[in-house]
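Listed below, chain by chain, are the residues.
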Amino acid sequence: AQSVTQLDSHVSVSEGTPVLLRCNYSSSYSPSLFWYVQHPNKGLQLLLKYTSAATLVKGINGFEAEFKKSETSFHLTKPSAHMSDAAEYFCVVSQTNRDDKIIFGKGTRLHILP
Amino acid sequence: NAGVTQTPKFRVLKTGQSMTLLCAQDMNHEYMYWYRQDPGMGLRLIHYSVGEGTTAKGEVPDGYNVSRLKKQNFLLGLESAAPSQTSVYFCASSWTGSSNQPQHFGDGTRLSIL
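Bear in mind the structure is a predicted one, so any value in this text is a computation, not a measurement. (Residues numbered from 1 in each chain as written. Chains lettered and ligands numbered in written order. Predicted model: local features only at pLDDT ≥ 70, side-chain atom pairs only at ≥ 80, totals over all residues. Heavy atoms only, no water.)

Asker: Describe the overall build of chain B, with residues and values.
Answerer: From N to C terminus, chain B includes 0 helices and 11 strands. Along its sequence from the N terminus, chain B presents helices and strands in the succession β-β-β-β-β-β-β-β-β-β-β. In summary, chain B has a C-alpha radius of gyration of 13 Å against a globular reference of 13 Å for 114 residues, a match within 12%. Here the C-alpha coordinates of chain B stretch approximately 40 × 30 × 25 Å along the principal axes. Scored against the burial criterion, the 114 residues of chain B give a buried share of 47%. For chain B, the share of sequence-separated contacts (at least 6 apart) that also reach a separation of at least 24 residues comes to 55%. Counting only carbon and sulfur atoms, one obtains 53% of the accessible surface of chain B, whose full area is about 5400 Å². Averaging the coordinates of the 10 positive side-chain charges in chain B and doing the same for the 8 negative ones gives two points 6 Å apart. (Helix = DSSP H or I, 4+ residues; strand = E, 2+ residues; numbered from the N terminus. Rg over C-alpha atoms; globule rule 2.2 N^0.38 Å. Buried < 20%, exposed > 50% of the residue type's maximum accessible area, 1.4 Å probe, protein only. Contact = heavy atoms within 4.5 Å. Areas by Shrake-Rupley, 256 points an atom, 1.4 Å probe, with all protein chains shown as cover. Lys, Arg positive; Asp, Glu negative; His and termini not counted. Charge placed at Lys NZ, Arg CZ, Asp CG, Glu CD.)

Structure follows, in structure tokens:
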């Protein structure tokens, strides 16, 4: 069985400060992991994905995430927040086995303070 | 490229009415999905399709039907709408169902059942 937990439902940071959105997962097989961003009244847009290559994954808009198997984590970071980063972020786990299944986290709302 | 297009964008129904949500993709993707998004719940899979003429149940299929008569279109039907089906509905598509394939999302249909 697989699952994904986003540890914070809301995160607030000041513009120009670092962003950390936390995601833990569990998977019986080698997982693929994704981060998506959802701006208001829009669909989900892929930020980055991990698929068993490099453990540090760089995505769009300056975001990156590090796959840590020992900690079963895939936290999303950005060195300096911008007002346009205010959105909801979803961590997603998908595993390769006969019963492929995609599990979405419940989301983290990122607020950027001026 | 339009990507994934959902129609309508908004709809208000009365309990017991029926309607069909249309999803169209122009990326020649094999897989298509319907999700519903409710506050604090993340995305939950309603039905999906692995190719033209095929459909399968997801996590929350009750009260919904789907059809995939053409590869580029995936229709979601509500035969007798209920207030519990008030939600935002997202369609997505992907090249394959492989775990490392990201999904491409439409902008959603906001549906209210009175």
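So much for the structure itself; the text now carries on.
Asker: Summarise the layout of surface pockets; cite the residues concerned and give the values.
Answerer: There is about 290 Å³ of room inside the second largest pocket. Counting only elements with at least two residues in the lining of the second largest pocket, the list comes to β10 (87–95) of chain A together with β4 (31–38) and β9 (87–94) of chain B. The residue makeup of the lining of the second largest pocket, split by class, is 5 nonpolar, 8 polar and 6 charged. (1 Å grid on protein atoms, 1.4 Å probe; cavity = no way out; pocket = protein on both sides within 12 Å on 5 of 7 lines; lining within 4 Å. Points joined across faces, edges and corners; volume = space filled by probe spheres on them. Nonpolar A, V, L, I, M, F, W, Y, C, P; charged D, E, K, R; others polar.)

Asker: I'd like a description of the pattern of salt bridges, backed by residues and values.
Answerer: Residue and element names in this part refer to chain B. Taken as a whole, this structure holds 8 salt bridges over all chains when the rule is applied. When the shortest N-O distance is used, the salt bridge between Glu30 and Lys71 registers 2.8 Å. Of this pair, Glu30 sits in the loop between β3 (19–25) and β4 while Lys71 sits in the loop between β7 (64–67) and β8 (73–78), and the two are 41 residues apart along the sequence. On the basis of relative accessible area, Glu30 is assigned to the partly exposed category, the value being 31%. Linking Asp38 and Arg36 is a salt bridge whose minimum nitrogen-to-oxygen distance equals 2.9 Å. For Arg36, a relative accessible area of 8% gives the class buried. Taken together, the salt bridges that share partners define one network made up of Arg36, Asp38 and Arg44. (Salt bridge = Lys/Arg side-chain N within 4 Å of Asp/Glu carboxyl O.)

Asker: Help me get a handle on the state of the cysteines, residues and values and all.
Answerer: Residue and element names in this part refer to chain A. The final tally for this structure, using the stated rule, is 2 disulfides over all chains. A disulfide bridge connects Cys23 with Cys91, and the sulfur atoms are separated by 2.0 Å. Handedness of the Cys23-Cys91 disulfide follows from its S-S torsion of about -70 degrees: it is left-handed. One end of the pair, Cys23, is in strand β4 (residues 23–26); the other, Cys91, is in strand β10, and 68 residues separate them in sequence. (Disulfide = S-S within 2.5 Å.)

Asker: Could you give me a rundown of the pairing of β7(B), with the residues and numbers involved?
Answerer: Residues and elements named next belong to chain B. Residue alternation in β7 divides its side chains into a buried set, Tyr64 and Val66, and an unburied set, Asn65 and Ser67. The pairing of β7 with β8 spans 4 bridges and is classified as antiparallel. For Val66, the partnering residue across the bridge sits in β8 and is Leu76. Between β7 and β8, which pair antiparallel one after the other, the connecting turn spans 5 residues. (Pairing = 2+ DSSP bridges.)

Asker: Can you explain the interface of chain A and chain B? Please cite residues and give values.
Answerer: The interface of chain A with chain B comprises 20 residues on the first partner and 18 residues on the second. In total, about 1500 Å² of surface goes out of reach between chain A and chain B, with carbon and sulfur atoms giving 52% of it. Summed over the shared surface of chain A and chain B, the number is 5 residue pairs in polar contact (both at pLDDT 80 or more). Secondary structure elements with two or more residues in the side of chain A that touches chain B: β5 (31–38), β6 (44–50), β10 and β11 (101–104) of chain A. Here the side of chain A that touches chain B gets 4 residues from one element, more than from any other, and that element is β5(A). Grouping the amino acids of the side of chain A that touches chain B by side-chain chemistry returns 7 nonpolar, 9 polar and 4 charged. (Buried area = accessible area lost by both parts, 1.4 Å probe. Polar contact = N/O pair within 3.5 Å; in protein donor to acceptor, adjacent residues only side chain to side chain.)

Asker: So what's going on with the packing of aromatic side chains? Residues and values would help.
Answerer: Throughout the structure, instances matching the rule amount to 13 aromatic pairs over all chains. Relative to Tyr35(B), the ring of Phe104(A) lies with its centre 5.2 Å away and its plane at 75 degrees, an arrangement referred to as edge-to-face. One end of the pair, Phe104(A), is in strand β11; the other, Tyr35(B), is in strand β4, on a second chain. Its relative accessible area of 9% is what places Phe104(A) among the buried residues. Ring plane angle 85 degrees and centroid distance 6.3 Å describe the contact between Phe104(A) and Phe105(B), whose orientation is recorded as edge-to-face. Of this pair, Phe104(A) sits in strand β11 while Phe105(B) sits in strand β10 (residues 104–105), which puts the two residues in different chains. In this structure, Phe104(A) and Phe105(B) share a single accessibility class: buried. Connected via pairs of aromatic rings, a cluster forms that spans Phe34(A), Tyr36(A), Phe104(A), Tyr31(B), Tyr33(B), Tyr35(B) and Phe105(B). (Phe/Tyr/Trp six-rings, centres within 6.5 Å; stacked < 30°, edge-to-face > 60°.)

Geometric values such as these leave the question of function open.
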